[in-house]
Amino acid sequence: METAARVALRVPVFGWFLKDAIHGAPDAKYYFMANLAVCFIAMIYFFGYPFLIVYALTATAVALVSLIILTASDMFRKGEDKDVAPKPATRGGRTR
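1. Focus: the pattern of salt bridges
A complete count under the given rule lists one salt bridge for this structure. The residue Arg6 makes a salt bridge to Glu2 at a minimum N-O spacing of 3.1 Å. Linking Arg6 with Glu2, this pair stays in helix 1 (residues 2-10), spanning four residues, or about one helical turn. Its relative accessible area of 42% is what places Arg6 among the partly exposed residues.

Structure representation (C-alpha cells):
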C-alpha cells in the first residue's frame, strides 16, 4: 500500500494536488475534491455515455474485489490459531 501511495504522489499534476491536500492548508482538501468533481464532469462532457459505462463497470469491479478481501480476511491469517468449534459435550462423562 505504501508503494501505491508513493506512485500516486509522483504523478505530475495529480500528485501535486494530492500532496497539497495531505500536507497543505486545511482547506486544500476541499479544493482537491472540487478538482476531482470538475475532472469527472469534464470527462463526461468530452467522452459522454461510454465514460459513464466504463466508470460504473470499474467501480463495480473495485467494490466486488474489496468485498472479497474484507470477507476472506480470516483465510489469510498467518501464525494465529483459527477459531475452532468446541467439541460437543458428552452425557455422564462417557464416550461412545
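2. Description of the environment of Phe51
Secondary-structure assignment places Phe51 in helix 4 (residues 49-71). In this structure the C-alpha to C-alpha distance between Phe51 and Phe40, which are eleven residues apart in sequence, comes to 9.5 Å. Excluding residues that lie within four positions of it along the chain, Phe51 makes contacts with Phe40, Met43 and Ile44.

So, how was this worked out
- Residues numbered from 1 in each chain as written.
- Predicted model: local features only at pLDDT ≥ 70, side-chain atom pairs only at ≥ 80, totals over all residues.
- Heavy atoms only, no water.
- Salt bridge = Lys/Arg side-chain N within 4 Å of Asp/Glu carboxyl O.
- Helix = DSSP H or I, 4+ residues; strand = E, 2+ residues; numbered from the N terminus.
- Buried < 20%, exposed > 50% of the residue type's maximum accessible area, 1.4 Å probe, protein only.
- Contact = heavy atoms within 4.5 Å.

Honestly, that's just the spatial picture; any functional story needs more than this.
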